[in-house]
Structures are given as C-alpha cells and as structure tokens.
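Coordinate analysis (summary)
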Protein chains: 2
Amino acid sequence: MQESWASLQERIGELESLQEISGVLSWDQQTMMPAGGAAARGRHLALVGAMSHDKLVDAAVGDWLSDLEAHRKQLSPVQVASVRKIRRMHERARRVPTSLVREMAEAGSTGFAAWHEAKKTANFALFQPSLTRIVDLVRQTAACHGPAAHPYDHLLEEYDPGSTVAELQPMFDRLGAELTPFVQAVTAAPAAPRLGLDLDVAGIQALGKRVIAALGFRSEDGRLDESEHPFTVGICAHDVRLTTHSYADDLLGSLTGTIHECGHGLYEQGLPDDMPRTGVATAAGMGLHESQSRFWENVIGRSRPFFTWLTPLVQAQWPGLDVDAERLFRAANRVERSFVRIKADEATYNLHIILRFKLELALMSGDLEVAELPQAWDALSEELLGVRPPDATQGLLQDVHWSGGYFGYFPSYTIGNLYAAGFARAMEDDLPQMWQQVEEGNFAPVLGWLRDKVHSRGHLADAPTIFRQAVGDRDPVADLMAHLRERQG
Amino acid sequence: MQESWASLQERIGELESLQEISGVLSWDQQTMMPAGGAAARGRHLALVGAMSHDKLVDAAVGDWLSDLEAHRKQLSPVQVASVRKIRRMHERARRVPTSLVREMAEAGSTGFAAWHEAKKTANFALFQPSLTRIVDLVRQTAACHGPAAHPYDHLLEEYDPGSTVAELQPMFDRLGAELTPFVQAVTAAPAAPRLGLDLDVAGIQALGKRVIAALGFRSEDGRLDESEHPFTVGICAHDVRLTTHSYADDLLGSLTGTIHECGHGLYEQGLPDDMPRTGVATAAGMGLHESQSRFWENVIGRSRPFFTWLTPLVQAQWPGLDVDAERLFRAANRVERSFVRIKADEATYNLHIILRFKLELALMSGDLEVAELPQAWDALSEELLGVRPPDATQGLLQDVHWSGGYFGYFPSYTIGNLYAAGFARAMEDDLPQMWQQVEEGNFAPVLGWLRDKVHSRGHLADAPTIFRQAVGDRDPVADLMAHLRERQG
C-alpha cells in the first residue's frame, strides 16, 4: 500500500509538472511568442498533451489505485481525495478511445476555421456541417462514459465535477423565471449614463496594478500583462499570471476585467501548497473558479463601498478628472438588453447562459438537431431576453466554445454567479464589518474568508460540497436575485 | 529500412519538441517568471530533461540506427548526417550511467552555491572541496567514453563535435605565442579614451532594435528583451529570442552586447527549415555558434565602416550629442590588460581562454590537481597576460563554468574568434564591395554569405568541415592576428 502510494505520487508529480509546463507554453503563446513560433508551439502542446494522456491511462495507475482503494480505511483524508480524483481522471481518459479523441481534435480544428469564417460573414450554413459533426462526436464521447441520469452529466463532469443536470436544471429554471421579468422592469427605465471618458492606457494599467495589489494579489508570485483577450494561467500557487486588455475609452471595462482575472488569480495563489503530488491542490472546478472571479468583479468591484475607496485613486492618477463614486457606481451597474454575452451586464448575463444550457441539453438528449438551432436560438432569445438577434454573428455564432467541442462549459459561468452570491451573503453574516472595511481599502478580511472556506480546500471535495460547507443551506438563486435587486435600487 | 527511418524521425521529432520546450521554459525563467516560480521551474526542466534522456537512450533507437547503418548506401545525405548525429548522441547518453549523471547534477548544484560564496569572499578554500569532487566526476565521465587520444576530446565532443585536442592545441599555442607580445606592444601606448557618455536606457534600447533590424534579424520570428545577463534561445528558426542588458553609462557595451546576441540569433533564424525531424537542422556546435556572434560583434560591429553608418543613427536618437565615427571606433577598440575575461577586449580575450584551456587539459590528463590550481592560474596569468590577479575573485573564481562541471566549453569562445576571422577574410575575397556596403547599412550581402556557407548547412557536417568548406585552406590564426593588427593600426 505504501509502495502504491509512493508510485502514484511520483506519477501525479509528473502529471502536475506536465500540466504546469502546458500552462507556461500557453501563456507564452498568447503574450510573448513571435508570430513565427505558432506552428512549433502547436507541436509542443500536442506532445505534452499526449505524454500526459499516456501517463494517466497507464494500466499501472489503475493497479496502484485499486491497491489503495482496498486499504481505504488506512488512508488520510488527503489520500482519499487524491485517490478519488485520480481514479475519476484515469477512468474518464480510458473510456474514450484514442481514435475518438483524435477525431474530436481534428473536428475542433476545422470547426474553428469554419466558425470563424461563418461568424465573419454572418452565415450559419458555413458552420453547420462542422457543428453537426462536432455534436455527433460529443454525443459519442458522452456515450463512452456509459449510462447516466442525463448524457450531459458526463460533459459537466469534465468542467464541474459534482454538478448534475438534476441539480442545475431546476436552479437555472427558477433563476430564468425571476430574471426575465426583472430585466424587463429594470430596462423599462432609462439606463444609467456611460462614463464616456478618454484616458491614457498607461494610467489605466498603473491603476489596475494598484488595485490588484490592494486586493491581495502577491506580485512576487505572479504578474499582469496585456493580451488581446484577458485570461489567467495558474502555473502553480507561486506563479500565477493574469492578463488584461486596457482600453483608453473604457476605464471601467478595463478595470473590471483586471479585477475579474485577479479573482481567478487570488484563488490560484491561495491553493494549498502543502500537499504536492496529490492532484488535489487544484481548483475544484470551473464553476467554483468563476465564482471567485465574479465575486471580486461584481460583488466587490461594482459595489458602492469599492468605488468610495477607488475614487481618490482615480483622482490621483488623473488630477482634475471630474468623477465621483456615485457616477462610477452607476455607470458600472448600467443594465441593458443585449445580444452578445461577453458584453452583457451582471443582470442579463445569466439569461445568456440559461439559453445556451437549454440548447446544449436538447442537443445532447437528441431533442434538438443542429439544423434546428438557428430557429431555436432566436425563439429562446425572444423568450428569455426579449430580443431577437439581428443576425447569426450576434446570435448563435457569437461564441467560440461549440466550434472546439466545448459542450458543458457554459453552465460554469452561472454556477459561478450563484456561488458568488451565496458566498457574499454568508460572508456578510460572518464579517459584519466587511463593507466598512472594503470602503477603507481593507480587503484582507474578505480574502481571508475565501482563503479559509474555498481556496485552502483545493479539490479535497467537489465544488458543490465546498459551497455547502461554506454557506450552509442558503438558496443561491434567492441570494443572487436579492443581490441584483439591491444593486439596481 | 523505411520503417526504421519513419520510427526514428518520429522519435527525433519528440526530442526536438522537448528541446524546444526546454528553451521556452529557460527563456521564461530568465526573463518573465516571477521569483516564486523558481522551485516549480526546476522540476519542469528536470522532468523534460529526464524524458528526453529516456527517449534518447531507448534501445529501440539503437535498433533503428543499426538497420539504417546497414543500408547506408540507400540513404540520402540528410539521412546520413541524421543517423551519424543521433548515433553519436545515443551512444554518448548510454555510456554514462544514470547514477553518475545524477551525482554530477548534485555536485553542480552544491558546487554553484559554494562557488558563489567563495567568489563573494575571495576565498578559494570554500570552493576547493566542491571543485575537487566535480573534477573527479568529470574525469569519471570522460572515462566512460572509453579510450581517446586525449580524455579531454570526450568533453570537447559535447560542445564542439569534430574538434580535438590534437588540432586545437597547436593552434592555441601559436595564437598565444603571437598574442602575448602583441598585447604587450599595444598596451605600451596609452589606451584610447572611453566614450564616457550618460544616456537614457530607453534610447539605447530603441537604437539596439534599429540596429538588429538593419542586420537582418526578422522581428516576426523573434524578439529582444532585457535580462541580467544577455543570452539567446533559439526555440526554432521562427522563434528566436535575444536578450541584452542596456546600461545608461555604456552605449558601446550595450550595443555590442546586443549585436553579439543578434549574431547568435541570425544563425538560429538561418538554420534550414526544410528538414524537420532529422536532428540536423541545428547549429553544428558552440564554437561555430560563437563564430557568428563574434563575427557580427567584432568583425562588423567594431569596424570603421559600421560606425560610419551608425553615427547618424546615434545623432538622430540623441540630437546634439557630440560623437563622430572615429571617436566611436576608437573607444570600441580600446585595448587594456585585464584580469576578468568577460570585460576583456577583443585582443586580450583569447589569452583568457588559452589560460583556461591549458588548465583544463592539465586537470583532465591528471598533470594538475585542484589544490595546485591557484598557483597555476596566477603563474599562467603572468605568463600570458602579464598580470597577476589581485585576488581569487578576479582570478580563478571569476567564471561560473567549472562550478557546474562545464569543462570543455571554454575553447568554444576562441574557436569562435578563429572561425570568425577566417570567415571575414574569405568573405572579403568573395564580396569585394562588402565594406562599402556595410558603410551604407547594406548588410544583406554579408548575411547572405553566412546563410549560404554556414547557416543553411545546419549540422549536416561538423563545424571544422563546414569551416574548411567555407574558407578553403586559410590559416585562421594568421587571419585573426592580421585582423587584430589592422584594428589596432
């Protein structure tokens, strides 16, 4: 048993290193790599992926796991969590034949090109054959994992282990039923004015760095760069890299983007570093990850107390600039019906996700075929958001996810918003001074709460368990609606 | 035979990718990585190194090679070169037991720390036990490779395959015999005045970028950053990364450093990209690599025509600055006896290398023991350079190489200078207009000559062969001395 654990740990260590190396290669690809390096980089990532896969599906891993599972009572809690997680990864990787993985990679590659062209010309027909193939392969992949309450559960497990359709669907339905009339009511009144400032990018970047340092991002264990699309790569807890995109004419959009990534980064920097080579010193899923970025971006970063703290910093950066906390707050919380998810405000955002979730479920259950998608998209958009997209570019071609076969990922965003709302309310109970502290720029108590209840738990349990242990029996749908109602006065 | 070649190519492709990944990881480590990432990065590099080693020593590689060697007559020239190179790498890697490799790595790691402390306190005694152990391990490593004309040949093969003591020693002896009186004569006269300017770092960086673009460095296939110590990483011919260190008070040192790295980079960008997965689309050795950096730094970058071209660019960067081409030329070619190799001028530099070469030979043959090193160093310094270092920090502790076990590397620097001198003279014969073209900022003919005679050859032959094919039967010692005599008027 000791030997099996030692062998397993050595293997997990290699898998962790390969994962980290992949992180460095991806980060470099999107920030530093000269254009000419693209072809070689594709080969590098493919090789690291193939080597990881080989090391994971190796039959010896199964033997070590079986031996440890047979001695479950002698295992520590960390060992139990580790064996559980690696067993899940090992089985998931073994169940899908290499040929199907390769077909999916190829379909994703040609699918991306077709999607890109279709989006450019607002012509879904150009993407339809690729998407039909991709949906077929995703269905096949789900089928490899055997029977389940819903085939979509197998897709959820890839991104949000522990989440199921049976639990998500009623929550998403309730949330949609409340959000649609709420957005209707809010948008009946005139929208708050935009900020409409034109500032210097260097100043926006400097302010962003000040803000993330104040929130608790450790600069010795990370960095912040510019990239086309903001993202975060946590190579390890001591090397976490954020990127943002600073726009001269969008101070608030740039700052909230930076704070969003910082939220991801604070999670990564807070993961336990005292359990190496166990596989569980990681995030517990994409939904929980998103809860951290959304919490900092929305709950904290769009709050009145936050802008009260921020305003003097803005004025120090641009002396004489005519801004006050209330104007920043109102502009940051402007609500507007929109077609495009990534431009959506905090209130309408989840309706975009619910739309995709419904369509993905129907595609996976076989109730919907790709040919019927355009009509289904527009009808659901009308029903949920009250608007029909003027063309496919602003409709079902807007997101890249499906072109790469990433079905099951979209729910993470709304799971994140629900978790964030639950954390916020529980935190207010635990830290009665928190808003006063935020107003003073003292974010340490808030970060401390998240460190304790979320970050330090790594992947010792699945996200739904971590959430429940942190907030008790709160109803996150009610919490999220209460939060949105308060924000919109 | 076809099958063996296909299998070998697949394996070489993996080895090339791992080598390239290692390059990205190292570059990132020295330029972008936050301090906290150091421990994880050590694990990443160790894992990639171990995986490369396993893939190289694999017995199957030996079988494929044997099959191909048995069908030598059917192989193309590229295949012949590939089989020859991989056989050499495979055998070298197999001959040294893993335990010895690990001992060497550990001795290098503790040796570096001991050297660092010893250098700081100018106390060789602190480094002596480590160095004794390292020299012992290097001797053991050389012995693993079996009999040779000189055990040092096995060390040379690691860095400069094709070079031997039998060929180098007489060249180095002749060069030393000419250089010592030459440096004495030159330094008898007063040294040229230093430039003594204090400029802005951003301006020096901007000028450096203009210069490397003019020399032919393709920006779409590379980049230039700042780092503590300048270096070049060629990930592939389309992703070549230079670093430099720009000093406000040292325009010439900064620029020549940038041009030196650019020379390495031009070689990497010029390597053949039409023979992937053969292992021979690489540099042919460190000496040939160094010839490219030294050629651009010294032959071109310290020449009168170069400064004639550069002067208007300097004046455009800093309007009103009082410089002229002659002043730049003289300051860039100032000769001074010195204790420290990396600060040495073009003339004395090779005497520093000859000193180290003699000591390394004696250590490897057993004629010298580590305990006798301090005395031997000082005596040789007196004999060759005419000066005795005031302390060990400026004497035998000045270089990091020995602390990591890198014996056999130093000769590359002088091999590079000799090759560069030979190339320059041959090029003058082939391109009678070259100095006129350099003066006009037209570096394309010079680069074209190097592309044709050196870069495009990759590692299809060993460096001494590539050199001979490029320059015929020229005497590089005579060429180097002629070059230095001309420079010093």
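Conventions and cut-offs
- Residues numbered from 1 in each chain as written.
- Chains lettered and ligands numbered in written order.
- Predicted model: local features only at pLDDT ≥ 70, side-chain atom pairs only at ≥ 80, totals over all residues.
- Heavy atoms only, no water.
- Helix = DSSP H or I, 4+ residues; strand = E, 2+ residues; numbered from the N terminus.
- Buried < 20%, exposed > 50% of the residue type's maximum accessible area, 1.4 Å probe, protein only.
- Contact = heavy atoms within 4.5 Å.
- Axes fitted to C-alpha atoms, helices over the stretch in contact; angles between N-to-C directions.
- Parallel < 35°, antiparallel > 145°, perpendicular 65-115°, else oblique.
- Nonpolar A, V, L, I, M, F, W, Y, C, P; charged D, E, K, R; others polar.
- Domains from an automatic or database assignment.
- Buried area = accessible area lost by both parts, 1.4 Å probe.
- Salt bridge = Lys/Arg side-chain N within 4 Å of Asp/Glu carboxyl O.
- Polar contact = N/O pair within 3.5 Å; in protein donor to acceptor, adjacent residues only side chain to side chain.
- Disulfide = S-S within 2.5 Å.
- Expected span 1.5 Å × (residues − 1).
- Arc of directions from axis to C-beta.
- Pairing = 2+ DSSP bridges.

1. Observations regarding the environment of A122 of chain A
All names here are of chain A. Positionally, A122 belongs in the loop between α5 (98-121) and α6 (128-144). For A122, a relative accessible area of 34% corresponds to the partly exposed category. Separated by 271 residues in sequence, A122 and T393 place their C-alpha atoms 4.8 Å apart. Setting aside residues up to four positions removed in sequence, A122 forms contacts with D391, A392, T393 and L397.

2. Some words on the packing of helix α16 (residues 411-430) of chain A against helix α20 (residues 476-487) of chain A
All names here are of chain A. Where α16 contacts α20, the two axes come as close as 8 Å, and the packing angle between them is 80°. By the angle class used here, α16 and α20 are roughly perpendicular. Two secondary-structure elements touch here, α16 through N417, L418, A421, G422 and R425 and α20 through P476, V477, D479, L480, A482, H483 and E486. Grouping the amino acids of the contact of α16 with α20 by side-chain chemistry returns 6 nonpolar, 3 polar and 3 charged.

3. Examining the domain arrangement of chain A
Residue and element names in this part refer to chain A. By the assigned domains, chain A splits into domain 1 (1-95) and domain 2 (150-199 + 260-489). Taking only C-alpha atoms, the centre of domain 1 and the centre of domain 2 are 29 Å apart. Taken together, the contact between domain 1 and domain 2 spans 13 residues of the former and 16 residues of the latter. Carbon and sulfur atoms make up 45% of the area that domain 1 and domain 2 hide from each other, which totals about 1300 Å². The three residues of domain 1 that bury the most area against domain 2 are K85, R88 and R92, which together make up 42% of that side's buried surface. For the pair domain 1 and domain 2, the interface holds 4 salt bridges. Two residues, R92 and E157, come together in a salt bridge whose shortest N-O distance is 2.9 Å. Taken together, domain 1 and domain 2 are joined by 13 residue pairs in polar contact (both at pLDDT 80 or more).

4. Concerning the state of the cysteines
Applying the stated rule across the entire model yields 0 disulfides over all chains. C236 of chain A takes part in no disulfide bond, and the closest cysteine sulfur, belonging to C262 of chain A, lies 17 Å away.

5. Thoughts on the interface of chain A and chain B
Between chain A and chain B, the contact holds 34 residues from the first and 34 residues from the second. Carbon and sulfur atoms make up 66% of the surface buried where chain A meets chain B, a total of about 2400 Å² over both sides. For D28 of chain A, the salt bridge is made with R241 of chain B, and the minimal N-O distance between the two is 2.7 Å. Where chain A meets chain B, there are 10 residue pairs in polar contact (both at pLDDT 80 or more). Listed by contribution, the elements that provide at least two residues to the side of chain A that touches chain B are α1 (2-31), α2 (38-57), β1 (222-226), β2 (232-236) and β3 (239-244) of chain A. Residue contributions to the side of chain A that touches chain B peak at 10 residues, all from α1 of chain A. Looking at the side of chain A that touches chain B residue by residue, the class counts come to 15 nonpolar, 8 polar and 11 charged.

6. Some remarks on helix α9 (residues 201-215) of chain A
All names here are of chain A. For α9, with 15 residues, the first-to-last C-alpha span of 21 Å sits near the 21 Å given by 1.5 Å per residue. Considered for burial, the residues of α9 that qualify are G203, I204, L207, G208, V211, I212 and L215. In an axial view of α9, the angular spread of the buried residues amounts to 165°, which keeps them on one side of the axis. One or two steps after α9, the chain reaches G216, where phi turns positive at roughly 120°.

7. Overview of the sheet that holds β2 of chain A
Residues and elements named next belong to chain A. Strand order in the open sheet formed by 3 strands is β1-β3-β2, and the pairing between neighbours is mixed. On the outer flanks of this sheet lie β1 and β2, each paired with one strand and no other. On average, each strand axis in the sheet is tilted by 15° relative to the strand beside it, whichever way the strands run. Bridge count between β1 and β3: 5 bridges; the pairing is parallel. Directly across from E226, in β3, lies its bridge partner T244.

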